Protein chains: 2
Amino acid sequence: MTARTSAESTRDIPEATVARLPVYLRALTTLSESGTITCSSEDLAQAAGVNSAKLRKDLSYLGSYGTRGVGYDVDYLRYQIAREIGVTQDWPVVIVGIGNLGHALANYSGFRSRGFRVVALLDADPTRHDEVVAGIDVRPFDDLEQIVRENGVAIGVIATPAIAAQDVADRMVACGISSILNFAATVLSVPAGVDVRKVDLSIELQILAYHEQRKAQVEPA
Amino acid sequence: MTARTSAESTRDIPEATVARLPVYLRALTTLSESGTITCSSEDLAQAAGVNSAKLRKDLSYLGSYGTRGVGYDVDYLRYQIAREIGVTQDWPVVIVGIGNLGHALANYSGFRSRGFRVVALLDADPTRHDEVVAGIDVRPFDDLEQIVRENGVAIGVIATPAIAAQDVADRMVACGISSILNFAATVLSVPAGVDVRKVDLSIELQILAYHEQRKAQVEPA
DNA sequence: CTCGTTTTGTTCTCGCGTTCACAAACTCCT
DNA sequence: AGGAGTTTGTGAACGCGAGAACAAAACGAG
Ligand SMILES: NC(=O)c1ccc[n+]([C@@H]2O[C@H](COP(=O)([O-])OP(=O)(O)OC[C@H]3O[C@@H](n4cnc5c(N)ncnc54)[C@H](O)[C@@H]3O)[C@@H](O)[C@H]2O)c1
Ligand SMILES: NC(=O)c1ccc[n+]([C@@H]2O[C@H](COP(=O)([O-])OP(=O)(O)OC[C@H]3O[C@@H](n4cnc5c(N)ncnc54)[C@H](O)[C@@H]3O)[C@@H](O)[C@H]2O)c1
């Protein structure tokens, strides 16, 4: 994808590791809340559901934050991972499409507690503009540019029907949004430099169905 | 061709390919609805957002369903992929935890159109048991076993708070459910033979934040 | 101070997934 | 029928990630 040609001091962390860091962060938060001061790689690996060798290797990309013979200081490591991911300050986020799913997302408390702040809810349907969801009032989609500008929004969430998703994405990119989380069941095309991640319930279920079908084929023999 | 010898009828498809088959299926459905009869691997790859070589290799694990010099018959290939995934018939599904997210999932029309049928909505909170969501009435969580038995349910969806998720998973497994889609932000531990997939909004956002942070570091130089 | 114990950080190897490149196979036109 | 053009299916090269294994480092006991 985006080739980072610059001879930068910033070490590049493997994508597979980046995807696991949030899991470690969550496990460390749970440990911290239960009063744990230090933990071994074995403990943390179990809490995160991964192999301990893999955990240590992942952490080694960040630096040497453990103590041999002792383990990791839970709060210290938690801060280091949060800093590496970039969630020590809140990221402003807009959600577009306040239907069934958009309502659930707006009401989701995990946003705020994990480094994100919903600054606006947008919908194209004028009949929704009266509504207030989770203390935030739903505004016209055309307010997007102004909101993005005023709040320095870099991350957008799309929860519209699939047919509208590409248009919404185009508008977001035009406003300067460079990271998109897409819940619509469609492939988005965006210019280089814009990251898109998708969440697709149907795909997950179909993967489960595939494996379920295989189990059923072998079992009754 | 590969005659289905009963001993080794099931070729094993790489996990990475399995994860992409639903994307191809969706792209083929879109093509079919737009009246397209045949398509090349290039066309389909573009619609699915992947490399055409990868697409052809993925399809080659299923068999030889294309015609050289011509391409693929859209409806024929669509049926073959659906059959391989196992979504030519509907899978019964139960959803546990009918809060914000559970409501959205119950109202999601993509379930039925993609090979799944919600047979029950379950919640532990008695005040929810009066409710009817998307034509299905919310029932007590303790009805789980009966519902699973009567409907032959193999797939369960967890949309409860994280603290309850492991208990719900244990109960599901005890009833005979062997595939779980987990929306709660926690690591589930299940016996071998049970598949778990997770959908975690916070993780996706944090991955975006990581890359966003890196962009911001390079840009202003 | 030295030795044994614990646990990290890293090296090495292996397997999987991605991509390239091309022969094989099919259609169409003359 | 034969040749030109098109597109599939796959062998081979390559790079990345997973996991095992171990040396290096810290700590405590005596
Ligand atoms: N509901 C779920 O559980 C679920 C699960 C997985 C995926 N999805 C996907 O998420 C998306 C939303 O699902 P939903 O159930 O909330 O649908 P919905 O129809 O309830 O809500 C869609 C909302 O988007 C708004 N909208 C339409 N076009 C718009 C535009 N151009 N700009 C701004 N807003 C616009 C509509 O006014 C509506 O409020 C769909 O693509 C769906 O496939 C939903
Ligand atoms: N809302 C979102 O957009 C969103 C996004 C990502 C993840 N999640 C996660 O999904 C889960 C549900 O989120 P929500 O916003 O719908 O929460 P919610 O509190 O609105 O709903 C949870 C429901 O689960 C029920 N419940 C609790 N314990 C139960 C048990 N033991 N058995 C059966 N039912 C039980 C509750 O009665 C409630 O109705 C949470 O774990 C949350 O972190 C939600």
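Quick caveat, the model's predicted, so the values are computed rather than measured. (Residues numbered from 1 in each chain as written. Chains lettered and ligands numbered in written order. Predicted model: local features only at pLDDT ≥ 70, side-chain atom pairs only at ≥ 80, totals over all residues. Heavy atoms only, no water.)

Enquirer: Outline the protein's contact with DNA strand D, supporting the account with residue identities and numerical values.
Expert: Close to DNA strand D lie 26 residues; Arg20, Lys57 and Arg68 of chain A together with Ser41 and Tyr72 of chain B are nearest. Of all atoms in DNA strand D that approach within 4 Å of the protein, 66% are sugar or phosphate atoms. Note that a phosphate oxygen of DNA strand D is positioned 2.5 Å from one of the backbone N or O atoms of Ser41 of chain B. Between DNA strand D and Arg56 of chain B, the relevant distance is 2.9 Å, taken from a base nitrogen to a side-chain nitrogen or oxygen of the residue. Considering each element in turn, the surface near DNA strand D owes the most residues, four residues, to helix H3 (residues 52-60) of chain A. Across the surface near DNA strand D, the residue classes tally to seven nonpolar, 10 polar and nine charged. (Near = heavy atom within 4 Å. Polar contact = N/O pair within 3.5 Å; in protein donor to acceptor, adjacent residues only side chain to side chain. Helix = DSSP H or I, 4+ residues; strand = E, 2+ residues; numbered from the N terminus. Nonpolar A, V, L, I, M, F, W, Y, C, P; charged D, E, K, R; others polar.)

Enquirer: Let's hear about the domain arrangement of chain A: which residues, and what values?
Expert: Looking at chain A, the domain boundaries give domain 1 (6-85) and domain 2 (91-203). Placing a centre on the C-alpha atoms of domain 1 of chain A and another on those of domain 2 of chain A gives a separation of 30 Å. (Domains from an automatic or database assignment.)

Enquirer: An account of the packing of aromatic side chains is needed here, citing residue identities and associated values.
Expert: Within the structure shown, the criterion is met by four aromatic pairs over all chains. Ring centres of Tyr65 of chain A and Tyr76 of chain A lie 5.7 Å apart, and the angle between their planes is 90 degrees; this geometry places the pair in the edge-to-face category. On the criterion of sequence distance, the pair formed by Tyr65 of chain A in the loop between H3 and strand S2 (66-67) and Tyr76 of chain A in helix H4 (residues 74-85) is long-range, its members being 11 residues apart. Residue classification places Tyr65 of chain A among the buried positions, given a relative accessible area of 19%. Taking the centre distance of 5.9 Å and the plane angle of 65 degrees together, the rings of Tyr108 of chain B and Phe111 of chain B count as edge-to-face. (Phe/Tyr/Trp six-rings, centres within 6.5 Å; stacked < 30°, edge-to-face > 60°. Buried < 20%, exposed > 50% of the residue type's maximum accessible area, 1.4 Å probe, protein only.)

Enquirer: Before we move on, can you summarise the interface of chain B and chain A with the specific residues and values?
Expert: If you look at the interface, chain B gives 64 residues, while chain A gives 65 residues. Of the roughly 5,900 Å² buried where chain B meets chain A, counting both sides, 63% is carbon and sulfur surface. Broken down residue by residue, the surface that chain B buries against chain A is led by Gln206, Leu208 and Tyr210 of chain B, which jointly contribute 11%. Where chain B meets chain A, there are six salt bridges. Across the pair Asp195 of chain B and Lys215 of chain A runs a salt bridge, and its minimum N-O distance is 3.5 Å. The interface formed by chain B and chain A holds 22 residue pairs in polar contact (both at pLDDT 80 or more) in total. (Contact = heavy atoms within 4.5 Å. Buried area = accessible area lost by both parts, 1.4 Å probe. Salt bridge = Lys/Arg side-chain N within 4 Å of Asp/Glu carboxyl O.)

Enquirer: So what about the relation of the copies chain B and chain A? Which residues, and what values?
Expert: By a simple turn and slide, chain B fits onto chain A: the slide is 0.0 Å along the axis, the RMSD is 0.1 Å, and the turn is 180 degrees. Taken together, the rotation and translation relating the two chain copies correspond to the operation of a two-fold axis. A shared interface surface links the copies, since 98% of the contact residues of chain B are contact residues in chain A too. (Least-squares fit on C-alpha atoms with pLDDT ≥ 70 in both.)

Enquirer: Could you give me a rundown of the site of ligand 1, with the residues and numbers involved?
Expert: All names here are of chain A. Taken together, 23 residues lie around ligand 1, and Asn100, Leu101, Asp123, Arg128 and Thr160 are the ones closest in. In this structure, an oxygen atom belonging to ligand 1 sits 2.7 Å away from a side-chain N or O atom of Arg128. With respect to ligand 1, the backbone of Ala162 contributes an N or O atom lying 3.5 Å from an oxygen atom. Counting residues per element, the shell around ligand 1 draws most heavily on helix H8 (residues 162-175), at three residues. Partitioned by chemical class, the residues of the shell around ligand 1 number 16 nonpolar, four polar and three charged.

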